[in-house]
Amino acid sequence: MWDLISNSVYASILLSIAIAIIGSLIVINKTTAITGSIAHGSFGGIGLAMFLGSSIILTTSAFTIVLAIILAFITIKFPHRKDSLIGVIWAVGMSIGIIFLSLTPGYQSDALSYLFGNILLVENRDLIFMGIIDSLILISIIFLYNRFLAMSYDREFLTLRGINANMLYTYFLILTSLTIVMSVRAIGIILILALFTIPALIAEKFTKKFFSMMIVSGILGLVFMVGGIIISFYYDISPTPTIVIIAGVALILSLLKK
Amino acid sequence: MTAVEVKNLYFKYEKEWILEDINFTLKDKEFMAIIGPNGGGKTTLLKILLGFLNPNKGEIKIYSKSPKESREIIGYVPQHTNFSLDLPITVFDIVLQGRLKKRKFFYNQKDKQKANEVLENLKIKNLKNKKIKDLSGGQRQKVLIARALVSEPKLLIMDEPTSAIDPSGQKEILDLIESFNVTRIVVSHDIKILLRNVDKIAYIHKKATIHEGPKLNIPKDKHFCEVELIDFLKDENCGI
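Residues numbered from 1 in each chain as written. Chains lettered and ligands numbered in written order. Predicted model: local features only at pLDDT ≥ 70, side-chain atom pairs only at ≥ 80, totals over all residues.

Q: Could you clarify how one ought to interpret the nonpolar core in this entry?
A: The nonpolar side chains of a soluble globular protein tend to be buried, and buried together. Ranked by internal contacts, the top residues of the largest apolar core, which has 143 residues, are A:Ile192, A:Leu195, B:Ile34, B:Val95 and B:Ile157. Per-element tally for this core: the top contributor is helix 1 (residues 2-28) of chain A, with 13 residues. (Core = buried A, V, L, I, M, F, W, Y, C linked by C-beta atoms within 7 Å. Buried ≥ 20, exposed ≤ 12 C-beta atoms within 10 Å, placed from the backbone. Helix = DSSP H or I, 4+ residues; strand = E, 2+ residues; numbered from the N terminus.)

Q: Explain the sheet that holds strand 2 (residues 16-27) of chain B to me, please; I cannot follow it from the model alone.
A: Neighbouring strands of a sheet are bound in pairs by backbone hydrogen bonds; such pairs are parallel or else antiparallel. Residue and element names in this part refer to chain B. If you walk across this open sheet you meet the three strands as 2-1-4, and the pairing is antiparallel. This sheet does not close on itself; its edge strands, each paired only once, are strand 2 and strand 4 (57-62). Neighbouring strand axes in the sheet, compared pairwise and without regard to direction, differ in orientation by 15° on average. Against the sheet, helix 1 (residues 42-49) engages strand 1 (2-13), strand 2 and strand 4, with an angle of about 60° to strand 2. (Pairing = 2+ DSSP bridges. Axes fitted to C-alpha atoms, helices over the stretch in contact; angles between N-to-C directions. Contact = placed C-beta atoms within 7 Å.)

Q: Would you take a moment to explain unusual backbone geometry for this structure?
A: Where the residue is not glycine, phi is negative for most of them; where a peptide bond is considered, it is trans in most cases. We note that A:Lys30 has phi near 55°; this positive angle belongs to a residue other than glycine. Tracing the backbone through its elements, the reader meets A:Lys30 in the loop between helix 1 and helix 2 (32-52). On the basis of neighbour count, A:Lys30 is assigned to the exposed category, with 11 C-beta atoms found within 10 Å. One non-glycine residue, B:Glu14, adopts positive backbone phi at about 55°. Within the secondary structure, B:Glu14 sits in the loop between strand 1 and strand 2.

Q: Would you take a moment to explain the environment of A:Ile21 for this structure?
A: All names here are of chain A. Within the secondary structure layout, isoleucine 21 lies in helix 1. Under the C-beta neighbour-count criterion, isoleucine 21 is labelled buried, with 23 such atoms within 10 Å. Separated by 185 residues in the primary sequence, isoleucine 21 and phenylalanine 206 place their C-alpha atoms 16 Å from one another. Excluding residues that lie within four positions of it along the chain, isoleucine 21 makes contacts with Ile137, Ile141 and Met214.

Q: How should the environment of A:Ile38 be read in this particular structure?
A: Residue and element names in this part refer to chain A. Structurally, isoleucine 38 can be placed in helix 2. Judged by C-beta crowding, with 31 C-beta atoms within 10 Å, isoleucine 38 ranks as buried. The sequence separation of isoleucine 38 and leucine 222 amounts to 184 residues, and the corresponding C-alpha distance is 23 Å. Contacts of isoleucine 38, omitting those with residues within four sequence positions, involve Thr64, Leu67, Ala68, Leu71, Thr176, Ser177 and Ile180.

Written as structure tokens, this is what we have:
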């Protein structure tokens with residue numbers, strides 16, 4: 001059994017680091033819709049990579065970084081219209097992906113696997129990419145923890161302290177986009193949002209400090225993923241929806257506690 | 001020493017002039033109240049002073065520098081109602097944010113010491129490890145004042161510091177502001193501030209009517225007298 005699930009367990013550990021840090025930042029910065037937009041828009045990068053025959057990881061990373069920069073610009077410059085514009089990017093990104101796939105000869109079944117993901121199919125090269133992005137996230141949080149926290153609480157005040165809050169916010173969205181790319185194979189575009197927000201939402205309720213929130217959400221993410229992998233393995237069901245359902249039940253239980 | 005100098009300031013939003021020909025100066029350690037009706041331009045003026053908006057015409061100097069250049073010496077206190085209460089952040093974490101600087105990534109011992117000192121002075125050290133959600137409106141406002149003070153500002157700018165706070169909390173906040181030994185600008189729609197020891201009153205209603213102390217030297221503006229002023233001050237100051 002271990003041979004069959006070992007990569008997925010390693011992937012869970014690596015993903016839980018991103019869930020802890022980026023997931024918590026997504027929740028406290030209220031950027032869930034933006035994350036959804038980048039995640040769905042990333043399908044454009046996947047379609048483009050298949051059309052060009054280029055590396056999916058590199059092409060999708062470049063594509064989602066561009067989306068993150070556009071979304072940062074939109075949310076900063078047009079705060080009153082950001083809701084609609086986020087939705088537009090969401091749909092346009094996916095449409096680009098579908099068009100490129102339809103232009104690509106042959107049946108691209110692999111592209112559809114990115115929609116729902118499968119953590120049991122994670123390969124060694126995916127683990128390496130996850131490790132690289134995790135390292136970047138860890139270095140960023142070590143140096144930028146105080147700034148990210150200040151940005152989440154009061155971006156205007158951060159600007160007054162002489163720090164470029166818009167640049168920091170754009171960097172956070174770029175980290176989010178890279179996190180999405182590293183997770184897309186394992187979790188899938190459609191379910192990514194749940195796994196990145198549910199552990200942080202539960203953790204936020206029970207912690208007093210942001211640091212503790214990150215630790216708790218990382219542990220919860222890992223428990224949900226490993227639990228989902230084991231259940232899906234024994235009952236021969238799809239792992240990612242199983243993980244999301246476990247997380248969803250935990251969220252409901254946490255909401256019942258006052 | 002001149003702390004703030006505003007000369008012939010004009011600000012237009014789309015086609016409408018929001019501020020027209022605003023002029024005032026404020027000396028070091030003086031206390032100015034900016035009052036006026038909603039939509040009169042108070043918040044716009046505050047954003048210009050903070051360097052978030054650029055005027056169409058005119059000049060502003062804060063300790064001889066432009067607002068953007070003088071940000072390090074400005075302590076800003078926004079309204080406590082602007083912030084999410086769900087954030088897992090303690091009072092101490094918020095206060096420390098006042099010590100952030102452009103090339104500074106970590107807080108040192110001196111920053112923590114200063115934050116403790118300010119919390120002690122504002123008599124809220126007991127709240128240090130509390131989550132912001134668990135505080136009253138008055139306590140939250142004090143935390144934001146502490147965050148501004150911890151940066152050791154020369155100019156303190158406060159936006160409606162007594163809004164959404166109970167009367168005893170309002171008195172406490174105003175007592176505190178009055179006691180600070182720095183230049184202060186308080187934007188308020190609460191004209192009880194005029195009962196305080198303010199050195200200058202700027203009544204902003206597109207244009208500014210500036211009145212220098214003593215206190216209760218109320219602007220003789222028709223709109224202000226008829227609409228804004230509370231009854232017991234009307235009799236004394238407007239002859240109504």
